[in-house]
Amino acid sequence: YVQAGASFAKLDKLTGNIAWQTLKDQGGMNGSAFSSPVFTTLAGVEQFVVQTRSSLAGISPENGEVLWTKEVSAFRGMNILTPTVIGDSVFTSCYGGRSSLYKIERRGGQWNVNEEWTHKAQGYMSSPVVIDGHIYLHLKNQRFVCLDAKSGADLWTTTPFGKYWSMVANGNKILALDEVGELLLIDASPEEFKLVDRATVADNAWAHVAIEGEQIIVRNLDQIKAFCWR
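Residues numbered from 1 in each chain as written. Predicted model: local features only at pLDDT ≥ 70, side-chain atom pairs only at ≥ 80, totals over all residues. Heavy atoms only, no water.

A. Summary view of the overall build of the protein chain. Across its full length, the protein chain carries 0 helices and 22 strands. Its C-alpha radius of gyration of 18 Å places the protein chain within 12% of the 17 Å reference for a compact globule of 230 residues. With respect to the principal axes defined by its C-alpha atoms, the protein chain has extents near 50 × 45 × 35 Å. For the protein chain, the share of sequence-separated contacts (at least 6 apart) that also reach a separation of at least 24 residues comes to 39%. Working note: accessible area of the protein chain is about 11800 Å², and carbon and sulfur atoms make up 46% of it. (Helix = DSSP H or I, 4+ residues; strand = E, 2+ residues; numbered from the N terminus. Rg over C-alpha atoms; globule rule 2.2 N^0.38 Å. Contact = heavy atoms within 4.5 Å. Areas by Shrake-Rupley, 256 points an atom, 1.4 Å probe, with all protein chains shown as cover.)

This is how it looks when you write it as structure tokens:
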């Protein structure tokens, strides 16, 4: 299952044959998607949550049926974040738009998508992490923010950091890799921003930081590095 070819598609993994395509758009720079699909269960139904350049949608894995859809506006269609599932709700944040949490419900065979809250914060490249009911999100303005997942309240916002982050969480610890190759270790706390440590691990790091056991894998422009996290 992949967002490619100006659509969301199901492929046979052995032959590459297309089983179905859905959410098709015009392609090119004004079409296709920056985001990635998420397989989850919402309102008791297994589905993919897919974010296109203009909408959020729930897609049946069996036949590509669009179960529900919700328009989400972004500047030039720059919906880049991976949708974040929190219970039966979906969080996303749009470049040039807003951050929102949508409740997904199914009643009498009908799907309903209701906005639970919205916030002026604008995400960019970095998909958030959710820890103990709090959303930690790096913004277009390069600040790092903590939002209450239930109410959308802004609990704290930092001064600017680097432009692009990738993040992984382990318990209440967050590792954030900036595009300039700086790795940040952060204690997840709704009370205040707690930067534990920082280290330069690459010259340029656009690829997502990866974790395997105690290893941290970082891809530089011309090499791959492995570090031990203890």
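B. Inspection of the environment of S99 at higher detail. Mapping S99 onto the fold places it in strand 10 (residues 99-107). A sequence separation of 22 residues divides S99 from A121, and the C-alpha atoms of the two residues are 5.7 Å apart. Contact partners of S99, with chain neighbours within four places excluded, come to F91, T92, S93, W117, T118, H119, A121 and L137. Among the polar contacts made by the side chain of S99, one reaches the side chain of S93 at a distance of 2.6 Å. From its side chain, S99 meets the backbone oxygen of A121 in a polar contact 2.8 Å long. (Polar contact = N/O pair within 3.5 Å; in protein donor to acceptor, adjacent residues only side chain to side chain.)

C. Quick peek at the sheet that holds strand 3 (residues 18-22). Here 3 strands make up an open sheet; going across it, the order is 1-2-3 and the pairing antiparallel. A strand with exactly one partner marks an edge of an open sheet, and here the two such strands are strand 1 (2-4) and strand 3. When strand polarity is set aside, the average angle formed by the axes of neighbouring strands in this sheet is 35 degrees. Here strand 1 pairs with strand 2 (residues 7-11) via 3 bridges, running antiparallel. Each bridged residue has a counterpart across the sheet, and for V2 the counterpart in strand 2 is A9. (Pairing = 2+ DSSP bridges. Axes fitted to C-alpha atoms, helices over the stretch in contact; angles between N-to-C directions.)

D. Examining the sheet that holds strand 21 (residues 215-219) more closely. Within the open sheet, the 3 strands sit side by side as 20-21-22. Their pairing is antiparallel. The open sheet terminates on both sides in strands that have one partner only, identified here as strand 20 (210-212) and strand 22 (224-228). Pairs of neighbouring strands in the sheet enclose a mean axial angle of 25 degrees, with direction left out of account. Two elements, strand 21 and strand 22, share 5 bridges in a ladder whose sense is antiparallel. Across the sheet, the residue bridging to I216 is F227, located in strand 22.

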